[in-house]
Amino acid sequence: MKAEAESLRARFKEYLSLKGLSFTPQRSIILEHLIQDSSHFNAEDLITVFRKKKIPVSRATVYRTISHLVDAGFLLPVALESSQAYYEFAPDSAHHEHLVCEKCGRIIEFTDPMLENRIESIASLHGFKISRHAVQISGICRRCCGRQKT
């Protein structure tokens, strides 16, 4: 894990350098937090975590760093239908899709080779070259469905 974290830091430093930006202590704090906590989050979640821990990272820095991490391929946007953009830290993860609960906001990751094949088949049928895709299914999760019945 330590070697992987070093590799991620080096990749982000290189990305920032190519953009003429510095790997500041605040950007380092944000990256380190994401390396340690791989849950889905939004910018306000990060801001809340840093404030509770009394870590001096500004709101603007969080939002700008998220933007850079997305651009660099470290973060993937998920749950785009909600009022806040949610992200997942996935610098090297295998492709997967999402089920998003409309009640509690829970995000469930899944993979389905048949779905992937179907998406590729549809693209091929239309002469479309896929650069990336995302499937997000919105609904009510099992836990929230159980709460509705009681």
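Refer to the structure above for everything that follows.
If you're wondering where the values come from, they're calculated on a predicted model, not measured in any experiment.

Here is what the cut-offs are and how they apply
Residues numbered from 1 in each chain as written. Predicted model: local features only at pLDDT ≥ 70, side-chain atom pairs only at ≥ 80, totals over all residues. Heavy atoms only, no water. Disulfide = S-S within 2.5 Å. Buried < 20%, exposed > 50% of the residue type's maximum accessible area, 1.4 Å probe, protein only. Pairing = 2+ DSSP bridges. Helix = DSSP H or I, 4+ residues; strand = E, 2+ residues; numbered from the N terminus. Patch = residues over 30% accessible without salt bridge, like charges linked within 9 Å, V, L, I, M, F, W, Y side chains within 5 Å. Areas by Shrake-Rupley, 256 points an atom, 1.4 Å probe, with all protein chains shown as cover. Salt bridge = Lys/Arg side-chain N within 4 Å of Asp/Glu carboxyl O. Lys, Arg positive; Asp, Glu negative; His and termini not counted. Charge placed at Lys NZ, Arg CZ, Asp CG, Glu CD.

Engineer: A description of the state of the cysteines should follow, citing residues and the corresponding values.
Structural biologist: Applying the stated criterion across every chain yields a total of 0 disulfides. Its sulfur unpaired, Cys101 is 3.7 Å from the next cysteine sulfur, which belongs to Cys141. Not engaged in a disulfide, the cysteine Cys104 finds its nearest cysteine sulfur in Cys101; these two sulfurs lie 3.7 Å apart. What makes Cys104 partly exposed here is its relative accessible area of 38%.

Engineer: Tell me about the sheet that holds strand S2 (residues 75-78), and please be specific about residues and values.
Structural biologist: If you trace the 3 strands from one edge of the open sheet to the other, you get S1-S3-S2, paired in antiparallel fashion. Every interior strand has two partners, whereas the edge strands, strand S1 (41-42) and S2, have only one. Across 2 bridges, the pairing between S1 and strand S3 (residues 86-89) is antiparallel. Among the inter-strand pairings, Asn42 is bridged to a residue of S3, identified as Tyr86.

Engineer: Now, about a positive patch on the surface: what can you tell me, with residues and values included?
Structural biologist: Residues Arg106, Arg142, Arg143 and Arg147 make up a contiguous surface patch of positive charge. One can find Arg106 in the loop between strand S4 (97-101) and strand S5 (107-110).

Engineer: Explain the pattern of salt bridges to me, and be specific about the residues and the numbers.
Structural biologist: One pass over the full model with this rule turns up 4 salt bridges. As a salt-bridge pair, Glu44 and Arg59 come within 2.4 Å of each other at their nearest N and O atoms. Of this pair, Glu44 sits in helix H3 (residues 43-52) while Arg59 is found in helix H4 (residues 59-71), placing the two residues 15 residues apart along the sequence. Owing to a relative accessible area of 24%, Glu44 belongs among the partly exposed residues under this scheme.

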